[in-house]
Amino acid sequence: MKVATAAYDLDWLDSWAQYEDKLNRWVAEAAGQGAELLVFPEYGAMELSTLEGTDVAGDLERSIRAVSDRMVDAQALHQRLAREYGTCILGASAPVVDGQGRPVNRAALYAPDGQQDHQDKQIMTRFEREAWDIAPGGPLKLFDTKLGKIGVLICYDSEFPLLGRALSDADLILVPSCTEALSGYWRVRIGAMARALENQCVTVMASLVGSNGWSEAVDMNTGTGGIFCPPDKGFPGTGVLAEGQLNQPGWTYADIDLSAIAEVRADGHVLNRTHWDEQTPRVESVTISALS
């Protein structure tokens, strides 16, 4: 199958129709290249706050509420596009008010047959905790699809091995990200590559790109799309199936063979995925006088 992952730039929107046209163009382009799975980045839905004007888009709390209020319509749009183009789509994540508590960071997965589900971010960054007050959401999920078993680790979540380990049965782990600086992009990318190594699977990273002076939350974004794999037989020795050009909006594509994932897990040069339980470190404290 072919996977498309986005380096997605935000726009100032003057109407809902403008957003519909934009999403239709993006999905049509990827589907036209034969992509069966499309991955959008973390917080790509924040452009919906611009529909409420400058004061709302520039205010952290009011922008959360504005985006959350639009998500029912955004879900209907993504469902229609998935059905019309015959693709699975991981929509850009959004802050979603679900119940009476604080909003969660949620990405929804849409299938061509109309089914959908979502994954909430598990561990918040400092900005999400201290400035935005975004809450951890529901549990990790493993989606069993016609394209294989799919897990989602939203941005910072990809940097934690135990979260990745919980998804060790996934053939694909999708990593929608939003990173301000180059260092943040590389932290997430290194995490995504590490998860591909440990689980002997393919990870798919999408990035928000570009600057948006109208927002305090997503004002500056650095990244690109990347598709990573175990550096083992049947895959590139670099662990990189495909990567886009830094900060250039557009799709990055890669062909993925699920049988190659199964083969490397069964008979790779190394078998990382099967050796996790052998990690029983015994640490001794040793004093070396010349260095103390």
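Position numbers for residues start from 1 in each chain and track the written sequence from start to end. Predicted model: local features are reported for residues with pLDDT of at least 70 only, side-chain atom pairs are reported and counted for 80 or more only, and whole-chain, interface and lining totals are derived from all residues. Excluded from the side-chain calculation are hydrogens and water; included are all heavy atoms of the structure.

**Looking at a negative patch on the surface**
Reasoning step 1: Grouping into patches uses exposed residues only, defined as over 30% relative accessible area, and leaves out salt-bridged ones; the cut-off is 9 Å for like charges and 5 Å for nonpolar side chains (Val, Leu, Ile, Met, Phe, Trp, Tyr). Shrake-Rupley sampling with a 1.4 Å probe provides the accessible areas, and residues are treated as covered by the protein chains on show and by no other component. Salt bridge, as used here, is a side-chain nitrogen of Lys or Arg placed within 4 Å of a carboxyl oxygen of Asp or Glu. Charge convention: Lys and Arg are scored as positive, Asp and Glu as negative, and His as well as the terminal groups of each chain are ignored. Charge placement uses NZ in Lys and CZ in Arg. For Asp and Glu, CG and CD serve respectively. Together, Asp55, Asp59, Glu180, Glu216 and Asp219 make up a region of like negative charge exposed at the surface.
Reasoning step 2: For helices the rule is a DSSP run of H or I covering at least 4 residues; for strands it is a run of E covering at least 2, with both sets numbered from the N terminus onward. Inspection of the secondary structure puts aspartate 219 in the loop between strand 10 (202-211) and strand 11 (220-221).
Reasoning step 3: For aspartate 219, a relative accessible area of 31% corresponds to the partly exposed category. For the exposure calls, accessible area comes from a 1.4 Å probe over protein chains only, and a residue counts as buried if that area is under 20% of its type's maximum, exposed if over 50%, partly exposed in between.

**So, the nonpolar core**
Reasoning step 1: For this analysis, a nonpolar core means a set of buried residues of the types Ala, Val, Leu, Ile, Met, Phe, Trp, Tyr and Cys, connected via side-chain atoms within 4.5 Å. With 44 residues, the main nonpolar core has Tyr8, Phe40 and Leu48 as its most contacted residues.
Reasoning step 2: Mapped by element, the contributors of at least two residues to this core are strand 1 (2-9), helix 1 (16-32), helix 3 (60-85), strand 4 (94-96) and strand 5 (104-110).
Reasoning step 3: No other element matches the 8 residues that helix 3 contributes to this core.
Reasoning step 4: Only heavy atoms enter the contact rule, under which two residues are in contact if any of them lie within 4.5 Å. Tyrosine 8 has contacts with Tyr19, Lys22, Leu23, Trp26, Phe40, Pro41, Gly44, Glu47, Ser207, Leu208 and Val209, leaving out every residue within four places of it along the chain.
Reasoning step 5: Counting residues in each nonpolar core, the second largest holds 40 residues, with Leu172, Phe228, Phe235 and Ile256 among its members.

**Observations regarding the state of the cysteines**
A disulfide bridge is the covalent bond that connects two cysteines by way of their sulfur atoms.
Reasoning step 1: Any two cysteine sulfur atoms lying within 2.5 Å of each other are counted as a disulfide. Inspection of every chain in the model, using the stated rule, returns 0 disulfides.
Reasoning step 2: Cysteine cysteine 155 shares no disulfide, and the gap to the nearest cysteine sulfur, in cysteine 178, comes to 6.6 Å.
Reasoning step 3: Accessibility expressed as a relative area gives 18% for cysteine 178, which makes it buried.

**Comments concerning the packing of aromatic side chains**
Reasoning step 1: Note on aromatic pairs: the rings of Phe, Tyr and Trp (six-membered ring only in Trp) are paired at centre separations within 6.5 Å, and the planes decide the class, stacked below 30 degrees, edge-to-face beyond 60, tilted for the rest. Going through the model one piece at a time under the given rule, you end up with 11 aromatic pairs.
Reasoning step 2: Ring geometry for tryptophan 16 against tyrosine 19: centres 5.2 Å apart, planes inclined by 50°, an arrangement best described as tilted. One end of the pair, tryptophan 16, and the other, tyrosine 19, are both in helix 1, 3 residues apart, so they sit about a helical turn from each other. Considered together, tryptophan 16 and tyrosine 19 belong to a single accessibility category, that of buried residues.
Reasoning step 3: Taken together through their ring pairs, the aromatic side chains of Tyr8, Trp26, Phe40 and Trp251 make up a single cluster.
Reasoning step 4: Taking NZ or CZ as reference, lysine 2 lies 5.8 Å from the ring centre of tyrosine 253, over its face. Cation placement over rings: the criterion is NZ of Lys or CZ of Arg within 6 Å of the ring centroid and within 35° of the ring normal.

**Looking at the pairing of strand 10**
In the case of a regular strand, side chains alternate between the two sheet surfaces.
Reasoning step 1: For strand 10, the buried fraction is high: 8 of the 10 residues fall into the buried class.
Reasoning step 2: The pairing criterion is simple: DSSP has to find at least two bridges between the two strands. Sheet topology places strand 1 next to strand 10; 3 bridges connect them, and they run parallel. Within strand 10, the position partnered with alanine 7 by the bridge is serine 207.
Reasoning step 3: When strand 9 (residues 172-177) meets strand 10, the two strands line up parallel, connected through 6 bridges. Each bridged residue has a counterpart across the sheet, and for isoleucine 173 the counterpart in strand 10 is threonine 203.
Reasoning step 4: The definition of a right-handed crossover adopted here requires that, viewed with the strands pointing away, the path from the first strand over the helix to the second runs clockwise. Read as a crossover between parallel neighbours, the route from strand 9 over helix 6 (residues 182-199) to strand 10 is right-handed.
Reasoning step 5: Pairing analysis gives 3 bridges linking strand 10 to strand 12 (residues 226-228), with the strands arranged antiparallel. Among the inter-strand pairings, methionine 205 is bridged to a residue of strand 12, identified as glycine 226.

**Let's talk about the pattern of salt bridges**
Reasoning step 1: Throughout the structure, instances matching the rule amount to 19 salt bridges.
Reasoning step 2: As a salt-bridge pair, lysine 22 and aspartate 11 come within 3.2 Å of each other at their nearest N and O atoms. Here aspartate 11 lies in the loop between strand 1 and helix 1 and lysine 22 lies in helix 1, a separation of 11 residues in the sequence.
Reasoning step 3: By relative accessible area, aspartate 11 is classed as partly exposed at 27%.
Reasoning step 4: Where salt bridges share partners, they join Glu61, Arg65, Arg102 and Asp133 into one cluster.

**Thoughts on the side chain of serine 168**
Reasoning step 1: Take serine 168: it is sitting in the loop between helix 5 (161-166) and strand 9.
Reasoning step 2: A relative accessible area of 13% places serine 168 in the buried class.
Reasoning step 3: Residues within four places of serine 168 in sequence aside, it is in contact with Asn199, Arg265 and Arg273.

**Overview of a nonpolar patch on the surface**
Reasoning step 1: Residues Leu182, Trp186, Ile190 and Leu246 make up a contiguous nonpolar surface patch of about 370 Å² in total accessible area.
Reasoning step 2: Mapped onto the elements of the fold, isoleucine 190 is located in helix 6.

Read these as geometric descriptors, not functional statements.
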